Amino acid sequence: MVGNALAAALGSSHLSSSLRVGVMESTVTADLHPLSPNPDLRVISVNATSVDLFQAVGAWDKMVNARVAPFYSMQVWESTGNGSINFDNFGDPEPTLGYVIENKVIQSALHDRLKELRNVRLLEPCSMANLQMGKDPDDWLTITTKEGQNLRTRLLVGADGNESVVRNSVKIPSTGWHYNQRGVVAVVEHASPNTTAWQRFLPTGPIALLPMYGNYSNIVWTLPPSRAEVVLGLPDDAFLTEVDHALRSQLDPGILGFFPNFFVPVPFPAKNNSPANLNNSPPLIERAVGKRAAFPLRLQHASEYVANRVALIGDAAHTVHPLAGQGVNLGFADAITLTQVIFDGIETGQDIGSHSILNEYQNRRKNANLVMMAGIEGIKRLFDSSFFPISMARNIGLSMTNALTPIKKQIVKVAMGSS
Amino acid sequence: SKSKQTSTNMMNLTYRARSLNHKQTFIRRIPRIQNRCDRSYATEISSVTASEIAKFGELAQRWWDPQGPLRTLHHINPTRISYVKRNMVSDQESITPLKGKRMLDIGCGAGVLSEPLARLGANVVGVDAAATSIAAAISHSQIDPLLKDNLSYRCSTAEDLVKEGEQFDAVCALEVIEHVADPAAFLASCSALVKPGGHLFISTIDKTPQSFLTVIVGAEYFLNLLDRGTHDWNKFIGPQDITTILNGIGGMKVHNVTGLAYNPLTEKCSEAPHVGMNYIMTIQKDNTS
């Protein structure tokens, strides 16, 4: 997605005819027309900056014509105590905080847009087998593909995910860790549309209920691997009961601050005990739709984003916990910055694969991404703690932040990518 | 691990990573070219001194090193290009705004200015007195296919070009005049090389106490931005002196003088009011000259 967004951006400027862009996809993109009426499991939440990008490259209309789900408010609360934060766009004329869009809608829209752009060539299937430099450090790169082609380029952008072949072939190390958690995703249906993004932090990890089109919502539930296996295998009604507990039950912290393991199927009083200042409760779930899936969660950051005539964007450069819904938005921001840096370079006659161009991209994105990653990691660790004093402080903090509209406005600005 | 798997699965991986933050000196192979022009200096007086030729000639291999002794030139380059483009043509939207213009980059070194001008559509002739610099320029220009048709280099001097009767739509003498022995003669040659109605761009460093402190002491001694001896403060010259010389030559009108502010910490350069340090100026030759 991020790579295709970059390619579309590079094809959408009055300066684009100076570039010939090749997009290497390892597999042929499946024909996604007509779009199935059934909701897809894999969704992302897209912030305003990413929507601006889609509009600028001419793909947004295609997405809207398929289906997108705007949401206008967000509630973040936790499993103990009374703390919660409610966000909306604070009277901004544009009330939308973001959109939840199925991955395949985005992929399809970008792919269709790329086919329309004259200076972009889709190469599929096309996988890199070998990357070779010339004798001179400024020489172009030669890519040999598994399909037997030889491609020469002045800039290779690796947008090939967290196992990036491009990153490995230029031996850029990356650090990070695997969280001892898996993300369970499912689609559920309500009686009426959901327009709020809900996220509740439990001791075992957050559960998010993200609005989708129609009456659907997407669940992303972070769980320890063993629990994730159990939840994956539950029949639908048992699964819905667990989700209901997770979203509604008031947990008793106990004297020592340890929480009961309430995912073991014992009868648990599902009190609809919303904390005192919780404005709303998440909407009731009527039924589960389709299959569930789980994916491993990790944090990863490449030590460099650039090398000789190589740039990394998106998950190839950084992977984060999904709890903040920011991961792919960071990648789209990378694409925006790299596009700006490239076009600034074209305007002053630079070689766009040169060190000054790539260093400028790295300087702008690395710090911003690291700050966001540190923030997300901090939130995760804060809410992972079951220790009573911390949970109490957390709740007070949540409530205080909820009362402070200027701080909430700033949080919304950051989440929307505008800072 | 999975990444190791990927590595072993790839055939004949020969790429060795060069991290951009890793300070490395690299040796560029310079093809030998006939040093005809070096012989010509033994017999002719030219505005370029032999020591300056030698000084920059030795650096031939390091011109394009992004961490090399000429890295500040690369940092200020986009700002210089942007200035020249804006002051030369009115259509700023085109990808090749300089198309149709024949330009001279005098004192071109290894082509740091010539290449971007050529990419912007100009027909560029790069001229330098140091044969090794020209060789480095030719070698580097062969990397980019975009430069094949409208970029050429010659080992020569401004005076020799005048003798040949050459004239250009624009002459760029950027970061050169502070290295010549006779600035007045050099400016006379540059003016002669401009077609009537054409432009002359000069950038250099003003001769002021502040330029001594920042560009000599600061850059060469404290910050190590430039090698010691890169500049001689006595050869710095201010825009008012250049204007006086041009008035003496006649037919050359100074349109503007703009300062170039360079921040060594961010390595960014921007146009700013002239405050007695680096500056660039636009001069136009009368149509009737």
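Residues numbered from 1 in each chain as written. Chains lettered and ligands numbered in written order. Predicted model: local features only at pLDDT ≥ 70, side-chain atom pairs only at ≥ 80, totals over all residues. Heavy atoms only, no water.

Participant: Can you tell me about the overall build of chain A, naming the residues and giving the values?
Facilitator: Along its length, chain A carries eleven helices and 19 strands. In terms of overall size, chain A behaves like a compact globule, its C-alpha atoms giving a radius of gyration of 23 Å where 419 residues would be expected to give roughly 22 Å. For chain A, the C-alpha atoms occupy an extent of roughly 70 × 45 × 45 Å along the three principal directions. By residue count, 54% of the 419 residues in chain A fall in the buried class. Taking contacts inside chain A between residues at least 6 apart in sequence as the whole, the part at least 24 apart equals 74%. (Helix = DSSP H or I, 4+ residues; strand = E, 2+ residues; numbered from the N terminus. Rg over C-alpha atoms; globule rule 2.2 N^0.38 Å. Buried < 20%, exposed > 50% of the residue type's maximum accessible area, 1.4 Å probe, protein only. Contact = heavy atoms within 4.5 Å.)

Participant: Give me the sheet that holds strand S14 (residues 205-211) of chain A: which residues, what numbers.
Facilitator: All names here are of chain A. Strand order in the open sheet formed by eight strands is S5-S4-S13-S14-S15-S12-S16-S19, and the pairing between neighbours is mixed. With one partner strand each, in any of the chains shown, strand S5 (84-88) and strand S19 (318-319) form the two edges of the open sheet. Bridge analysis of strand S16 (residues 287-302) against S19 gives two bridges, and the strand direction is antiparallel. Along S19, the bridge assignment pairs His301 with His318. (Pairing = 2+ DSSP bridges.)

Participant: Give a description of helix H1 (residues 2-10) of chain A that names residues and reports values.
Facilitator: Residues and elements named next belong to chain A. Most of H1 is tucked away: eight of the nine residues are buried. Looking only at H1, the buried set comprises Val2, Asn4, Ala5, Leu6, Ala7, Ala8, Ala9 and Leu10. Those residues of H1 that are buried are in contact with strand S1 (21-24), helix H2 (48-57), helix H4 (103-116), strand S7 (120-123), strand S11 (156-158) and helix H8 (327-347).

Participant: Report on the pattern of salt bridges, specifying residues and quantitative values.
Facilitator: Per the stated rule, a full pass over the model turns up 23 salt bridges over all chains. The residue Glu116 of chain A makes a salt bridge to Lys62 of chain A at a minimum N-O spacing of 2.6 Å. Of the two residues, Glu116 of chain A is situated in helix H4 and Lys62 of chain A in helix H3 (residues 60-66); the sequence distance between them amounts to 54 residues. Residue class for Glu116 of chain A comes out partly exposed when judged on its relative accessible area of 43%. For Lys62 of chain A, a relative accessible area of 25% puts it in the partly exposed group. Between Lys268 of chain B and Glu360 of chain A there is a salt bridge, with the nearest N and O atoms lying 2.8 Å from each other. In this pair, Lys268 of chain B sits in strand S7 (residues 268-272) while Glu360 of chain A sits in helix H9 (residues 355-384), so the two residues belong to two different chains. (Salt bridge = Lys/Arg side-chain N within 4 Å of Asp/Glu carboxyl O.)

Participant: Give a description of the side chain of His199 of chain B that names residues and reports values.
Facilitator: Residues and elements named next belong to chain B. Here His199 shows up in strand S5 (residues 194-205). With a relative accessible area of 10%, His199 lands in the buried category. A polar contact is formed between the side chain of His199 and the backbone oxygen of Asn87, at a distance of 3.4 Å. Excluding anything up to four places from it in sequence, His199 contacts Asn87, Met88, Asp169, Ala170, Val171, Val194, Thr282, Ile283 and Gln284. (Polar contact = N/O pair within 3.5 Å; in protein donor to acceptor, adjacent residues only side chain to side chain.)

Participant: Now, about the pairing of strand S3 (residues 151-155) of chain B: what can you tell me, with residues and values included?
Facilitator: Residues and elements named next belong to chain B. Burial along S3 is one-sided: the face carrying Leu151, Tyr153 and Cys155 is buried and the face carrying Ser152 and Arg154 is not. Looking at chain direction, strand S2 (residues 123-128) and S3 are connected through five bridges and run parallel. Following the sheet pairing, Val125 is matched in S3 by Ser152. Crossover S2 to S3 through helix H6 (residues 131-141) is right-handed. (Right-handed = clockwise from strand over helix to strand, strands pointing away.)

Participant: Give me the lowdown on a nonpolar patch on the surface, citing residues and values where you can.
Facilitator: All names here are of chain A. Together, Leu382, Phe387 and Ile390 line one region of the surface with nonpolar side chains, adding up to about 270 Å² of accessible area. By the secondary structure assignment, Ile390 is in helix H10 (residues 388-403). For Ile390, a relative accessible area of 33% puts it in the partly exposed group. (Patch = residues over 30% accessible without salt bridge, like charges linked within 9 Å, V, L, I, M, F, W, Y side chains within 5 Å. Areas by Shrake-Rupley, 256 points an atom, 1.4 Å probe, with all protein chains shown as cover.)

Participant: Mind laying out the sheet that holds strand S3 (residues 69-71) of chain A, listing which residues take part and the relevant values?
Facilitator: All names here are of chain A. Here we have three strands laid out as an open sheet, ordered S2-S6-S3, and antiparallel in their pairing. The two strands at the open ends of the sheet, each matched to only one other strand, are strand S2 (43-46) and S3. Mean inter-strand twist for the sheet, computed between neighbouring axes without regard to direction, equals 25°. Bridge count between S3 and strand S6 (residues 98-102): three bridges; the pairing is antiparallel. Looking at the pairing, Ala69 lines up with Val100 of S6. (Axes fitted to C-alpha atoms, helices over the stretch in contact; angles between N-to-C directions.)

Participant: Please set out unusual backbone geometry residue by residue, giving values where relevant.
Facilitator: The omega angle of the peptide bond from Glu124 of chain A to Pro125 of chain A is -5°, so this bond is cis rather than trans. Tracing the backbone shows Pro125 of chain A in the loop between S7 and strand S8 (128-132). Of note, the phi angle at Asn224 of chain B is positive, near 55°, even though the residue is not glycine.

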